[in-house]
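Chains, contacts and geometry: an overview
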Amino acid sequence: MRRIYYLDLIRVFLTMLVFYHHSAIAFGASGGWYYVSGEATSGLTQGLLSASMAVDQSYFMSLFFFISAYFLPASFDRKGIRGFFWDRLNRLGIPLLLFYFVLDSLLVYWIWGVWGDPAFGPMWFVFTLLVFESAYVAYRHFCGRRSAIKCEGFTWVEAVVFILLMGITAFLIRLRIPVGTSVLGLQLGYYPLYVAMYFLGIVAYRNQWLERLRMREAYCWLAIVLLWGIPSLLYMVATNVDRMGDFSGGWNRNALFYAMWEPVMCVGLCYSLLALGKNYFNVPSPFIRSLSLNSYSFYIIHPFVVVGCVFAAEIFPVPPLVRLALVCIIGIPLCFIVAIGFRKLLGSVHVRI
């Protein structure tokens, strides 16, 4: 299939956002991470960082799933079930096992001096991707006649239905499994959007949605995000400082707001990024292409670079927010350099990432 250059740029952007996301948590933003600095942010700064985590969480991993699924049908059609299976075992399965049984424990030992139990860490994404792709392979294998979903675009009516469905589903799931509760290392409270966006990625490929993205709709979605999405989140957080736990789930208005707010932000930001990329950045760039090729390796190895840079930043007598900036400015380029070496190392033993 014809290369869509702007998806390389979006993939690189999302990968760097993952680095920022985990670095911010290391300096006091809400969320879980291997190591949190002893001198973390507090007060308003911590609140704003946590709000940025909520914005990131609303769309960045969902867009990763969408992009992964978009290329899935073509890859399966080209390689066939056997070739596709072995490719995914090599590209996803082996790195997942390596991280689960070796790298995660090494990282925990480096930080705390004790061997931790095996864990997915950020590789929960790869595990989930394997589950989703296995389901797709099973469907293609056992269903001789595929169900063709004809949908020429993502209209406003369809967007509203999608948002309502995702919000209500997330709200109901979080009554039993609140955000922050892990089940086998997975945050199931976020999974309605992950599953749906993966499914939409396949539909988008079959119906050529990316060819129909329009800037008029993108600007409308950006306006919704900027004029309602972010201000409403800040207002709800500011007026519920003593009830922050309610947002995680339960039968309360904060949980309902958060569950409905997320899909609005997801649709708005994903559509906007894809449309902006298509219209302004769909040009070949060897540099972006190189970064994109190493983005998966970056993702696998970034916990070590984040933790190492946080350790180094703690040496400097500067405020935590300045340390966060230093970690990102120095750590992201460094992580790409390490990622190139890590990718070549695995390639030397015929593991393609």
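Since this is a predicted model, take the numbers as computed values, not measurements. (Residues numbered from 1 in each chain as written. Predicted model: local features only at pLDDT ≥ 70, side-chain atom pairs only at ≥ 80, totals over all residues. Heavy atoms only, no water.)

Let us now look at the pattern of salt bridges. One pass over the structure, following the stated rule, counts 12 salt bridges. Between Asp77 and Arg206 there is a salt bridge, with the nearest N and O atoms lying 3.5 Å from each other. Here the residue Asp77 occupies a position in helix α3 (residues 72-112), and Arg206 occupies one in helix α6 (residues 191-207), the gap between them amounting to 129 residues. A residue is classified by how much of its surface remains accessible, and Asp77, at 40% relative accessible area, is partly exposed. The exposure class assigned to Arg206 is partly exposed, which follows from its relative accessible area of 34%. (Salt bridge = Lys/Arg side-chain N within 4 Å of Asp/Glu carboxyl O. Helix = DSSP H or I, 4+ residues; strand = E, 2+ residues; numbered from the N terminus. Buried < 20%, exposed > 50% of the residue type's maximum accessible area, 1.4 Å probe, protein only.)

On to the confidence of the model for the protein chain, then. Of the residues in the protein chain, 98% reach a pLDDT of 70 or more, and the chain-wide mean stands at 92. When mean pLDDT is taken per element in the protein chain, helix α10 (residues 295-313) scores highest with 97 and helix α4 (residues 124-142) scores lowest with 92. (pLDDT = per-residue confidence, 0-100.)

With that settled, consider unusual backbone geometry. Unlike most non-glycine residues, Leu184 shows phi in positive territory, near 55°. Note that Leu184 resides in the loop between α5 (156-176) and α6. On the accessibility criterion, Leu184 (75% relative accessible area) is exposed.

Tracing the sequence through the fold places Val12 in helix α1 (residues 5-26). Classification of Val12 as buried rests on a relative accessible area of 2%. For the pair Val12 and Gly167, spaced 155 residues apart in sequence, the C-alpha separation works out to 28 Å.

What follows concerns the packing of aromatic side chains. A full pass over the atoms with the stated rule returns 31 aromatic pairs. With a centroid separation of 6.2 Å and 55° between ring planes, the pair formed by Trp124 and Tyr191 is classed as tilted. On the criterion of sequence distance, the pair formed by Trp124 in helix α4 and Tyr191 in helix α6 is long-range, its members being 67 residues apart. Joined through ring pairs, the aromatic side chains of Phe64, Phe65, Trp124, Phe125, Phe132, Tyr191, Tyr194, Tyr198 and Tyr299 make up one cluster. (Phe/Tyr/Trp six-rings, centres within 6.5 Å; stacked < 30°, edge-to-face > 60°.)

The next subject is the side chain of Ser297. Looking at the secondary structure, you find Ser297 in helix α10. Here Ala339 takes part through its backbone oxygen, which lies 2.7 Å from a polar atom of the side chain of Ser297. When sequence neighbours within four positions are dropped, the list of residues in contact with Ser297 reads Ala339, Phe342, Arg343 and Ile353. (Polar contact = N/O pair within 3.5 Å; in protein donor to acceptor, adjacent residues only side chain to side chain. Contact = heavy atoms within 4.5 Å.)

Another aspect to go through is the nonpolar core. Side chains of nonpolar character tend, in soluble globular proteins, to be buried together. By size, the foremost hydrophobic cluster in this structure holds 116 residues, and its most contacted members are Met61, Phe66, Trp124, Phe125, Leu210 and Leu274. With 15 residues, the top contributor of residues to this core is helix α2 (residues 43-70). Among residues more than four places away in sequence, those in contact with Trp124 are Met61, Phe65, Gly185, Leu186, Tyr191, Tyr194 and Tyr299. (Core = buried A, V, L, I, M, F, W, Y, C linked by side-chain atoms within 4.5 Å.)

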